[in-house]
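So the chains spell out like this:
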Amino acid sequence: MTDAAAVATRIRRAYEEFLSGVTPPSDAVRSIVRDSWARSLSRGIDPSDVNPADGLPTGESVPVMTADEFAEYRAAHPITAVRPLVQSLMVDAIADTGVVVALTDQVGRLLWVEGDSAARDKAGDINFVEGSVWSEEAVGTNAPGLALTVDRGVQIVGPEHFAGPVQEWSCAAAPVHDPFTGHVIGVIDVTGGREVAAPFALAAVRSVVAAVERELQSSAVDLADPATFHAGLPRSSAAHLAVLGDGPHRWRRTADGASARTVSPRHAEILVLLQAFPEGLNTEQLALKLAEEGLDPVSVRAEISRLRRDLGADVVASRPYRLTLDISSDISDIRARIESGTDLPAVVDDLGRGGLLVESTAPGIVEIFEELREDLRSRLIAGGDVAALRKWTSSVHGRDDLVAWRRLEHRLPVGHPDRAVVGGRIRLLDKRYGL
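Analysis parameters
Residues numbered from 1 in each chain as written. Predicted model: local features only at pLDDT ≥ 70, side-chain atom pairs only at ≥ 80, totals over all residues. Heavy atoms only, no water. Phe/Tyr/Trp six-rings, centres within 6.5 Å; stacked < 30°, edge-to-face > 60°. Helix = DSSP H or I, 4+ residues; strand = E, 2+ residues; numbered from the N terminus. Buried < 20%, exposed > 50% of the residue type's maximum accessible area, 1.4 Å probe, protein only. Lys NZ or Arg CZ within 6 Å of the ring centre and 35° of its normal. Pairing = 2+ DSSP bridges. Axes fitted to C-alpha atoms, helices over the stretch in contact; angles between N-to-C directions. Salt bridge = Lys/Arg side-chain N within 4 Å of Asp/Glu carboxyl O.

Visitor: Teacher, can you tell me more about the packing of aromatic side chains here?
Guide: Given two aromatic rings, one states the distance between the centres and the angle between the planes to describe the pair. Counted by the stated rule, this structure contains four aromatic pairs. Look at Tyr15 and Trp37: their rings are 5.4 Å apart centre to centre, the planes differ by 70°, and that puts the pair in the edge-to-face class. Here Tyr15 is found in helix H1 (residues 3–19), whereas its partner Trp37 is found in helix H2 (residues 31–42), with 22 residues between them in sequence. No difference in accessibility class separates Tyr15 from Trp37, as the two residues are buried. Ring centres of Tyr15 and Phe162 lie 6.4 Å apart, and the angle between their planes is 80°; this geometry places the pair in the edge-to-face category. With Tyr15 in helix H1 and Phe162 in the loop between strand E3 (154–157) and strand E4 (170–177), this pair connects stretches of sequence that are 147 residues apart. For Tyr15, a relative accessible area of 7% corresponds to the buried category. Residue class for Phe162 comes out buried when judged on its relative accessible area of 0%. For the cation-ring pair, Arg83 lies above Trp112, with the distance from its terminal atom to the ring centre recorded as 3.6 Å. Lying across the ring of Phe369, Arg373 places its NZ or CZ 4.7 Å from the centre.

Visitor: I would appreciate a short explanation of the sheet that holds strand E11 (residues 327–329) in the present structure.
Guide: Neighbouring strands of a sheet are bound in pairs by backbone hydrogen bonds; such pairs are parallel or else antiparallel. Read from one edge to the other, the open sheet built from four strands follows the order E8-E7-E6-E11, with strand pairing classed as mixed. For this open sheet the edge positions go to strand E8 (261–263) and E11, each flanked by a neighbour on one side alone. Taking each pair of neighbouring strands and ignoring which way they run, the sheet shows an average axis angle of 25°. Two strands pair when backbone bridges link them, and strand E6 (residues 239–242) and E11 are joined in this way by three bridges, in the parallel orientation. By the bridge assignment for E11, Ala239 is matched with Ile327.

Visitor: What exactly am I supposed to notice about the environment of Gly44 here?
Guide: Tracing the chain through its elements places Gly44 in the loop between H2 and helix H3 (67–76). Among the residues examined, Gly44 registers a relative accessible area of 59% and is labelled exposed.

Visitor: What's the story with unusual backbone geometry in this structure? I'm lost.
Guide: Trans peptide bonds make up the majority, and among non-glycine residues the majority have a negative phi. One non-glycine residue, Asn127, adopts positive backbone phi at about 65°. Note that Asn127 resides in the loop between helix H5 (117–124) and helix H6 (136–139). The phi torsion at Asp151 lies on the positive side, around 55°, for a residue other than glycine. Among the secondary structure elements, Asp151 is positioned in the loop between helix H7 (143–150) and E3.

Visitor: Can you walk me through the pattern of salt bridges in this structure?
Guide: Pairing between side chains of opposite charge can happen when their charged atoms approach one another. Throughout the structure, instances matching the rule amount to 17 salt bridges. We note a salt bridge from Arg83 to Glu114, for which the minimum N-O separation is 3.0 Å. Of this pair, Arg83 sits in helix H4 (residues 83–91) while Glu114 sits in strand E2 (residues 110–114), and the two are 31 residues apart along the sequence. The closest approach of N and O atoms between Arg406 and Asp430, which form a salt bridge, is 3.2 Å. With Arg406 in helix H17 (residues 402–411) and Asp430 in helix H18 (residues 417–433), the pair connects residues that are 24 residues apart, well separated along the chain. For Arg406, a relative accessible area of 42% translates into the label partly exposed. One network of salt bridges, in which partners are shared, links Arg39, Arg43 and Glu136.

Visitor: For this particular structure, what's the right way to read the pairing of strand E7 (residues 249–253)?
Guide: When a strand is regular, its side chains alternate between the sheet's two faces. Residues of E7 alternate between two faces, with His249, Trp251 and Arg253 buried on one and Arg250 and Arg252 left unburied on the opposite face. Both E6 and E7 contribute to a ladder of four bridges, which runs antiparallel. Looking across to E7, one finds that His240 is bridged to Arg252. Between E6 and E7, which pair antiparallel in sequence order, lie six residues; one of them, Gly245, sits at a positive phi of approximately 95°. In this sheet, E8 lies alongside E7 in antiparallel orientation, the contact comprising three bridges. Within E8, the residue paired with Trp251 across the bridge is Arg261.

Have a look at this one:
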């Protein structure tokens, strides 16, 4: 028996023991695989079946698409833009080898499955076809699904797959990240026989992913014109969130020109928090940022489920919760204007308009508001612009800000008629606060 055959026999024995309820020895199977088996079993996935087109059996289903909807979605997806590069670096090299190359989206839906017709027909026997969903939640342990779950390159060899019908195959996959937000936009995967079980297969996938992420970055940035930053990256699902002002909070998909939709205060809080933490928040972290005493995990998951139902299943990914879209908001606009020092008097007005930042008692939103207010105050005082300081000291945020009043007094010329008024306010604050 060869070493490879011996390893496969050991893993298959561990797999059979696991399904019978016996925990396999730690040296019988890799921990990343054993943990994935456990998650697969806990989700009720049938190890004898492969039907990823059914979506997620956990209740957070991936929407079923018609052929036309899938074609439109695939054409607009960011990973499709780098398909020619993947073809050049990988697909052309594996012709007639019995191997297929797949590109998925961020939830494991196969957007492209490429290779010679015989290889694709064979892959079709396990439903490894364009449009099907190969997340870990849908079919259990497999390379593209596990790569999405752990957010790193993985290789799954034969009997390491959870579904029995897939155990004749091996696969290697690695996630592709948006070079600017860090969000996972999809996976590049190679699937085949024994040749894909070799160590170089995963190394080859990782090198292609690195080239793809460089291509995404270079195509999205025109260094000569900062205004075009990010413009080259196709984002069919980019959206804008408006939460300031007295009206309802509004969400609008910008790429397709859809009309704005009203979002609840809770959903607005979640979107603002996830935008502020692009690396993501787990259930406990999000719960603590939404309520003083924290929300129970069931409530958090229910809110995320409702948000996906209202705005689209592609808006928020899980483990951890994170935005999958490149969204803008009036809050991020204010942050950018503060950082650039652009029209600060108007920023003072915008920050005082009310809306979510003023009304929310969620600890995470309060922190964001306090950070923005302090950043603006620091920029105003350091810059010393008289108009901006006047606006600040007459606002609800700065009317009792003694440091800002003194900075304004210092910036007004000697003999200026307003200096006396400013001096009087400084004396009043000194008396009021005993300073």
